[in-house]
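Fold and geometry: a report
Chain residues, written in single-letter form:
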Amino acid sequence: MKLYVSEGNPHCLKVLAALDVTGVQCDVHYVNHEERVVPYLSRPALPALLLPSGLHLFSSNAICRYLFEVSGKDCTELCGQWLEWEATDLQPALLQALHMAVLQGKGSDVSKVLQGPLNYLEQSLSKGNLPYLTGDAVSAADVVLWAALYPVLSDSSQALGERKFVKTWFDRGAVMHSLQSAAQKVLQGKGLQGTKSYMQKQPAPQSNQCRDTQPCNSSPAEGEESERLVSEEEMEAAALTWSKGLNSCQSDTDRQHPILPKEGKRNLLLTSALPYVNNVPHLGNIIGCVLSTDVFSRYGRLRDWNVLFVCGTDEYGTATENKAREEGLTPQQICDKFHTIHASIYKWFQIDFDFFGRTTTEKQTEIAQDIFWRLHKQGFLVEDTVEQLRCESCQRFLADRFVEGICPHCSYPEARGDQCDKCGRLINAVELSEPQCKVCRQTPVIRSSKHLFLDLPKLESQLEQWLDKSTSTGDWTANAKQITRSWLRDGLKPRCITRDLKWGTPVPHPDFKEKVFYVWFDAPIGYLSITANYTDQWEKWWKNPNQVELYNFMAKDNVPFHSVVFPCSLLGAQDNYTLVNHLIATEYLNYEDSKFSKSRGVGVFGDMAKDTGIPSDVWRFYLLYVRPEGQDSVFSWADMATKNNSELLNNLGNFINRAGMFVAKFFEGCVPAMDLQQEDKKLLALVGWELQQYIQLMDKVKIRDALKHILNISRHGNQYIQVNEPWKKIKGGDTERQRSGTVTGVSVNIACLLSVMLHPYMPTVSQTIRDQLNAPQSCINTMLKGTGTFVCALCPGHRIGTVSPLFQKLELDQIEALKKRFGGQQTAAQKAAGTQPAAVPVPAAAEVASVNGVDPEKAKQLTQAVAEQGEKVRALKAQKAEKAAITAEVAKLLDLKKQLALAEGKSPEPAPQKGKKK
């Protein structure tokens, strides 16, 4: 192995200390800060570790973790959490502290900047009462945090203040030879000033990052940015790039279907987790999957990558059967109905799929059964008898997600039959205490049934080899890596792939012909079958791992099925399948101070957003602004109004509108001549740097972080206009009029650049800006090439179109009305008025009971009431309330269940029926 480091780089201090602590044998090479040692990166990345396999690690924390693990010291989940905190919370504060102390001479302000992270560290250490961050022994987390803090704390012990736990912990590290030796090599005995050469090359940090561990909606864009130092060389280089103008040759922006991989191109296959068909997606579903994928696919096309974006509705399984029963439809009818609803919602949100399909197709059956037989032939399937929960009231075996009870591991009272949402542990439904059918709230019984299992332990070594390569070379989000590691750490177990249902892909094995494939095995194969329904040449995408890069987008709860289970299915099939290279998982988006709930009327669902009168581009902007990239975030009406009015209206819209209006008003609609001064070149350099940062972040799918650089550019533009006052100079002499023209011309060109950068986020606004500026199509094909190319796209004499405002203010009373409307009050109001939505007609279907006295609407209300009362009873039991209180609530529950049975046309005391023989 070879480790590349540079003197003065504080990140290199971490890896050198870790190297010494672990004793791993490695050649260390010192290079300058600008050395590009990772061949496929367009920017310098140090430190970098070249592995024996030829792969590179270029995250300091990833290198430290790797060194500990190869030395036999595993990184625990807690260690991983500390490393994540160091990267996302501590590092921004440290870089700001170094910038102030080293470049601005404000060493006295260091303690103020580090106050938040150090307080959090003090609190954590005091609670744990342990000598080190993760226990009684030094871990990778201790070494990383010691080394990160060493340049600041060893130079200024005052920053610690009265934090005695941090001081005791830090002193343990500061005396270690490994840390002192690494500091001497990196800082050269100069303390903080040893980092000066490195810090001079870095952008000025933001001043108010999120410092706590709570869900955070603020963006670094909201901070007041320190003025970035721009060198003469950067200014001249920016001016030279500007003068080159647009590319004369235009690439074809119209997609020709079917899109297939191309030689010499970067071929990207993008999937977003298939939305389940039996419900309407809420805002959290939309940002977690389809919207994030749409942004990246649009960006990829701007980069001239060859992109195919597929998605579709996941339609098989118990949930569909239950929804069909609830609405009095057949499963196919419910799938048809909700597939149309999903497609309509995504169209309104401008999700630009290349193909939006579904899983209830012949191709799905064909491909799923082929993979099944391949796994069977290779010996990766095993038979076993399974104890399952069966609801005698519903007359069916219950899918795991339709059982709820007390977790056997942490006693959480609402654990699902497959996994506990609180502790994250996997569960067999029969292990739950006090299980209940989520449909009717009756207690299910245990029955035995023979099933087929995917032998995951037999595939584990293949999986680990593939994961090592994919996670080290691809862009996997931190939570995706963490969740995957936790599954592997606990050891893989065989997973059942069959179910006793009717609605699903049939199992082709003659001994299991009464069964269908379990949805977790079947649904990911939907990516393949949907592509096959798009083009009969689908294998060029899905059996072409050397030419195709696969990106999977999802929320974190879907990670194990995409990182462990589905890859094992494809590895076991041994048919040269394309496996995921980049796994992008978001955290959760919550609604105000609650969770989205359709039944309680809480939150905005996809079919409701259109009715608010707020344009879809504004919805897209805000959801992407609060995208839960590193931690959970919250949708807030007040915050949405603030971001719309401050960032869109007053910042972005204000700048673009002013730039265009100056051209129209002062220069008769034609871009004026420009004579660049140093101030203009400095602005070009600043804008060019923001563009480069945007590209680097978007390449890594840091969608939320990249958005701040768009807003930073318009902030630079507003300040530039405000300082130069072109509306005043146009009234002066020739020199001042010329200056007014230059400022106006530069500004309107920045507006043109912004239209391109905005396209992935706000496609309609992006097109509107280009229409107003009459921008040439080639600006789309030029600006995002390479590391970013900010050129003069609107040359002197270019005639623009009609300029008009882009955004409207969201008024307080409007927002308050919307908040009330979607806060759950509408359900209460309906009940008070005794009104409910119109009933869905019940067709004469064999599986739907139809007797005198059936009242579908009342049954629907009572089903919800039973669910809520059941939750109340479970909560009382979990709290170990008085027996009398529990008995009273149980009596209410039983009474509600009797009312429900009558409303459904059943006897309130149904006799048990025998199950079907299998």
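None of these values were measured; they are calculated from a predicted model.

1. Focus on the overall build of the protein chain
Across its full length, the protein chain holds 33 helices and 20 strands. Residues counted as buried form 56% of the 918 residues belonging to the protein chain. Long-range pairs, those at least 24 residues apart, make up 76% of the contacts in the protein chain with a sequence separation of at least 6. Roughly 39200 Å² of accessible area belongs to the protein chain as shown, and the carbon and sulfur atoms make up 49% of that amount.

2. Digging into the nonpolar core
Ile371, Leu454, Trp619, Trp637, Tyr694 and Tyr761 are the most contacted members of the largest nonpolar core, which totals 183 residues. Domain assignment of the residues forming this core places at least three in each of domain 2 (268–369 + 522–609) and domain 3 (650–799). Apart from residues lying up to four places away in sequence, Tyr761 is in contact with Arg620, Leu624, Tyr694, Met698, Ile703, Ala706, Leu707 and Ile710. In this structure, Leu16, Leu83, Val110 and Leu153 belong to the second largest nonpolar core, which totals 64 residues.

3. Topic: the sheet that holds strand S10 (residues 403–406)
With antiparallel pairing, the three strands of this open sheet are ordered in space as S11-S10-S12. Since the sheet does not close on itself, it has two edges, and those belong to strand S11 (415–416) and strand S12 (433–437), each with one partner. With three bridges connecting them, S10 and S12 associate as antiparallel partners. Note that in S12 the partner of Glu404 across the bridge is Gln436.

4. Some details on the pairing of strand S5 (residues 267–272)
Burial within S5 is extensive, with six of its six residues counted as buried. Of the strand pairs in this sheet, S5 and strand S6 (residues 306–313) are connected by five bridges, and their pairing is parallel. Across the sheet, Asn267 pairs through a bridge with Asn306, a residue of S6. Chirality of the crossover, the property in question, places the unit of S5, helix H11 (residues 283–302) and S6 among those that are right-handed. Sheet analysis places S5 next to strand S17 (residues 548–555), joined by six bridges and oriented parallel.

5. Some thoughts on the sheet that holds strand S8 (residues 381–391)
With antiparallel pairing, the four strands of this open sheet are ordered in space as S9-S8-S13-S14. One side of each edge strand has no neighbouring strand; the edge strands of this open sheet are strand S9 (396–397) and strand S14 (495–496). The pairing of S8 with S9 spans two bridges and is classified as antiparallel. Along S9, the bridge assignment pairs Cys391 with Arg396.

6. Focus: the packing of H11 against helix H24 (residues 678–699)
Two elements in contact, H11 and H24, have axes separated by 11 Å at closest approach and are oriented at 120°. When the axis of H11 is compared with that of H24, the two are oblique. Considering only the axes of H11 and H24, their crossing is left-handed. Facing H11, whose interface residues are Val295, Phe296 and Tyr299, H24 presents Tyr694, Ile695, Met698 and Asp699. Each residue belonging to the contact of H11 with H24 can be placed in one class, and the counts come to six nonpolar, no polar and one charged.

7. Regarding helix H18 (residues 525–534)
For H18, the tally of buried residues reaches nine of 10 residues, placing the bulk of the element in the interior. Ile525, Gly526, Tyr527, Leu528, Ser529, Ile530, Thr531, Ala532 and Tyr534 are the residues of H18 that are buried.

8. Some details on empty space enclosed by the protein
Considering all chains together, one arrives at three cavities of 30 Å³ or more under this definition. Its volume calculated, the largest cavity comes out at about 70 Å³. What lines the largest cavity is simply Pro10, His11, Lys14, Gln91, Leu94, Leu95, Leu98, Ala148, Pro151 and Val152. Among the elements of the structure, helix H1 (10–22), helix H3 (77–103) and helix H6 (140–153) are those that each provide at least two residues to the lining of the largest cavity. Counting residues per element, the lining of the largest cavity draws most heavily on H3, at four residues. Split by residue class, the lining of the largest cavity holds seven nonpolar, two polar and one charged. Partitioned by chemical class, the residues of the lining of the second largest cavity number six nonpolar, three polar and no charged.

9. As for the packing of aromatic side chains
Counted according to the given criterion, the structure contains 37 aromatic pairs. When the centroid spacing of 5.5 Å and the interplanar angle of 75° are considered together, the rings of Trp242 and Phe790 count as edge-to-face. Taken together, the residues Trp242 in helix H10 (residues 232–243) and Phe790 in the loop between helix H29 (778–782) and helix H30 (812–821) connect sequence positions 548 residues apart. For Phe790, a relative accessible area of 5% corresponds to the buried category.

10. Here we look at the side chain of Asp680
Mapping Asp680 onto the fold places it in helix H24. For Asp680, the side chain forms a polar contact with the main-chain nitrogen of Gln677, separated by 2.7 Å. Reaching out from Asp680, the side chain makes a polar contact with the side chain of Arg739 at a distance of 2.7 Å. In this structure Asp680 touches Asp675, Tyr720, Arg739 and Thr742, once residues within four positions along its chain are discounted.

11. Let's talk about the packing of helix H22 (residues 616–625) against helix H23 (residues 637–666)
Contact geometry of H22 with H23 gives a least axis separation of 10 Å together with a crossing angle of 105°. Taken together, the axes of H22 and H23 lie roughly perpendicular to each other. Here H22 contributes Val618, Trp619, Phe621, Tyr622 and Tyr625 to the contact with H23, which in turn contributes Trp637, Asp639, Met640, Lys643, Asn644, Glu647 and Leu648.

12. Concerning helix H2 (residues 60–70)
For the α-helix, the turn length of 3.6 residues means that residues three or four positions removed from each other point alike. Residues of H2 that are buried: Ser60, Asn61, Ile63, Cys64, Arg65, Leu67 and Phe68. Positioned one or two residues after H2, Gly72 has a phi angle of 90°, which is positive.

13. Comments concerning the pattern of salt bridges
Enumeration according to the criterion identifies 39 salt bridges in this entry. A salt bridge links Glu587 to Lys556, with the nearest nitrogen and oxygen atoms 2.6 Å apart. Residue Glu587 is found in the loop between strand S18 (580–586) and strand S19 (589–591), and its partner Lys556 is found in the loop between S17 and helix H20 (559–573); the two are separated by 31 residues along the sequence. Classification of Glu587 as buried rests on a relative accessible area of 12%. Here Lys556 falls in the partly exposed class, since its relative accessible area comes to 21%. A salt bridge links Glu629 to Arg627; the nearest nitrogen and oxygen atoms lie 3.0 Å apart.

Reading the values: the criteria
Residues numbered from 1 in each chain as written. Predicted model: local features only at pLDDT ≥ 70, side-chain atom pairs only at ≥ 80, totals over all residues. Heavy atoms only, no water. Helix = DSSP H or I, 4+ residues; strand = E, 2+ residues; numbered from the N terminus. Buried < 20%, exposed > 50% of the residue type's maximum accessible area, 1.4 Å probe, protein only. Contact = heavy atoms within 4.5 Å. Areas by Shrake-Rupley, 256 points an atom, 1.4 Å probe, with all protein chains shown as cover. Core = buried A, V, L, I, M, F, W, Y, C linked by side-chain atoms within 4.5 Å. Domains from an automatic or database assignment. Pairing = 2+ DSSP bridges. Right-handed = clockwise from strand over helix to strand, strands pointing away. Axes fitted to C-alpha atoms, helices over the stretch in contact; angles between N-to-C directions. Parallel < 35°, antiparallel > 145°, perpendicular 65-115°, else oblique. Left-handed = near helix turned anticlockwise from the far one by under 90°. Nonpolar A, V, L, I, M, F, W, Y, C, P; charged D, E, K, R; others polar. 1 Å grid on protein atoms, 1.4 Å probe; cavity = no way out; pocket = protein on both sides within 12 Å on 5 of 7 lines; lining within 4 Å. Points joined across faces, edges and corners; volume = space filled by probe spheres on them. Phe/Tyr/Trp six-rings, centres within 6.5 Å; stacked < 30°, edge-to-face > 60°. Polar contact = N/O pair within 3.5 Å; in protein donor to acceptor, adjacent residues only side chain to side chain. Salt bridge = Lys/Arg side-chain N within 4 Å of Asp/Glu carboxyl O.

Treat this as a map of the structure, not an account of what it does.
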